[in-house]
Amino acid sequence: MGGIIEKITELIKDILKGWVLSNLDTMFTDVNDKVGTIAGEVSTTPSAWNTGIFTMIRALSENVVVPIAGMIISFVLIYELITMVIDKNNMHDFDTSLFFRFLFKACIAVMLLSKTFDIVMAVFDVGSHMVTQAAATISGSTSLDVQSALNSMFNSQIDTMGIGELIGLGMETAVISLCMKIMSVLITVILYGRMIEIYLYVSVAPIPAATVTNREWGSIGTNYLKGLVALALQGFFIMVCVAIYAVLVANVAVAGNLHSALWSVAAYTIILCFSLFKTGSLSKSILNAH
């Protein structure tokens, strides 16, 4: 009778061990996959992320925003011409070279307006290159050997646990796995939100570009450019956050206490999500964009 009970107990323990190890394997495999997934998202340029949305945004920019920007640049240039005349004592001290400088500035302003979309895309191409290079560096140093971690730490501890401990551990791993899936959804929201913000920025690019060459109105275009570069730089900061997260989790995987390791992974995942939310404001504060 005692042998039957012992076999049933071992069978239940084996089932529980399989459940726990399955949760752990999935959890730490997600850590490895997360770097590549986020790298692929943030390194994608607006034109490649969704061609349908990009085509629509470009059409809106060229057909709706550019005509308005044309009116703005006309006003800005006329305002600058009037200011230039008044500053020179109503043309009594007028130097003919000023006219040529004004004409040269007007040509530059019109050329910038006509090439605004290409300039904006070039900014994100540079940002994409930074993220791609960062991902190549990160992927080689943050990959976690899942099987080795499980064999060296978890299997040895799980073998000594009773049914009650295994049930508790299984519930822990299930809760933490659920938390990590929720965090993954939030991370996806952050990445998609950043790309939508990029499209919104791109759609109105000609309007601030129309003010760049003017001394008084130029702060509008300058601040827009800072915000644009900040969005491109945000992708790099996202990759740095993911790299730090992967290294922390890799260190946890070789920790001595199983329960503390699991909750440390959950805590680091929450910190990662919070850090990703802060990358946008951080990049803007560095570039003094507001």
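Analysis parameters
- Residues numbered from 1 in each chain as written.
- Predicted model: local features only at pLDDT ≥ 70, side-chain atom pairs only at ≥ 80, totals over all residues.
- Heavy atoms only, no water.
- Helix = DSSP H or I, 4+ residues; strand = E, 2+ residues; numbered from the N terminus.
- Buried < 20%, exposed > 50% of the residue type's maximum accessible area, 1.4 Å probe, protein only.
- Contact = heavy atoms within 4.5 Å.
- Areas by Shrake-Rupley, 256 points an atom, 1.4 Å probe, with all protein chains shown as cover.
- 1 Å grid on protein atoms, 1.4 Å probe; cavity = no way out; pocket = protein on both sides within 12 Å on 5 of 7 lines; lining within 4 Å.
- Points joined across faces, edges and corners; volume = space filled by probe spheres on them.
- Nonpolar A, V, L, I, M, F, W, Y, C, P; charged D, E, K, R; others polar.
- pLDDT = per-residue confidence, 0-100.
- Salt bridge = Lys/Arg side-chain N within 4 Å of Asp/Glu carboxyl O.
- Core = buried A, V, L, I, M, F, W, Y, C linked by side-chain atoms within 4.5 Å.
- Lys, Arg positive; Asp, Glu negative; His and termini not counted.
- Patch = residues over 30% accessible without salt bridge, like charges linked within 9 Å, V, L, I, M, F, W, Y side chains within 5 Å.

**Some details on the overall build of the chain**
Each helix and strand counted, the chain has 10 helices and 0 strands in total. Along the chain, helices and strands appear, N-terminal first, in the series α-α-α-α-α-α-α-α-α-α. A burial count over the chain gives 40% of its 290 residues as buried. Across the chain, every contact between residues at least 6 apart in sequence was considered, and the portion connecting residues at least 24 apart equals 88%. Split by element, the accessible area of the chain, about 15,100 Å² in all, is 68% carbon and sulfur.

**Details of empty space enclosed by the protein**
The full count for this structure, using the stated rule, is 2 cavities of 30 Å³ or more. Space inside the largest cavity adds up to approximately 60 Å³. Along the walls of the largest cavity sit V42, S43, T44, T45, P46, F124, G127, S128, R194, M195, I198 and A232, which together make up its complete lining. Among the elements of the structure, α5 (116-141) and α7 (163-203) are those that each provide at least two residues to the lining of the largest cavity. Of the residues assigned to the lining of the largest cavity, the class counts are 6 nonpolar, 5 polar and 1 charged. Considered as a void within the structure, the second largest cavity measures approximately 30 Å³ in volume. Every residue lining the second largest cavity is listed: E41, V42, W49, L191, R194 and M195. If you list the elements that add at least two residues to the lining of the second largest cavity, you get α1 (2-42) and α7. Of the residues contributing to the lining of the second largest cavity, the split by class is 4 nonpolar, no polar and 2 charged.

**Thoughts on the confidence of the model for the chain**
In this model, the chain carries an average pLDDT of 77, and 80% of its residues clear a pLDDT of 70 or more. Taking the mean pLDDT of every element in the chain, the minimum, 58, falls on helix α6 (residues 146-158) and the maximum, 87, on helix α8 (residues 206-209).

**A closer look at the pattern of salt bridges**
What the rule picks out here adds up to 3 salt bridges. The shortest N-O distance in the salt bridge between E197 and K284 comes to 3.3 Å. Here K284 lies in helix α10 (residues 258-286) and E197 lies in helix α7, a separation of 87 residues in the sequence. A residue is classified by how much of its surface remains accessible, and E197, at 27% relative accessible area, is partly exposed. One continuous salt-bridge network, built from bridges that share partners, spans R58, E62 and D118.

**Concerning the nonpolar core**
I38, V42, M239, L272 and L276 are the most contacted members of the largest nonpolar core, which totals 29 residues. Setting aside residues no more than four positions away along its own chain, I38 makes contact with I187, L191, I238, M239 and V242. Within the second largest apolar cluster, 17 residues are counted, among which are F54, V120, M195 and L228.

**Looking at the side chain of R194**
Relative to the elements of secondary structure, R194 occurs in helix α7. It turns out R194 is buried and unbridged, and the closest side chain with the opposite charge, E197, is 7.4 Å from it.

**Remarks on a nonpolar patch on the surface**
Where nonpolar side chains cluster on the molecular surface, the patch consists of M56, L60, V64, I68 and M71 and spans about 460 Å² of accessible area. The residue I68 is located in helix α3 (residues 51-87) in this model. For I68, a relative accessible area of 37% translates into the label partly exposed.

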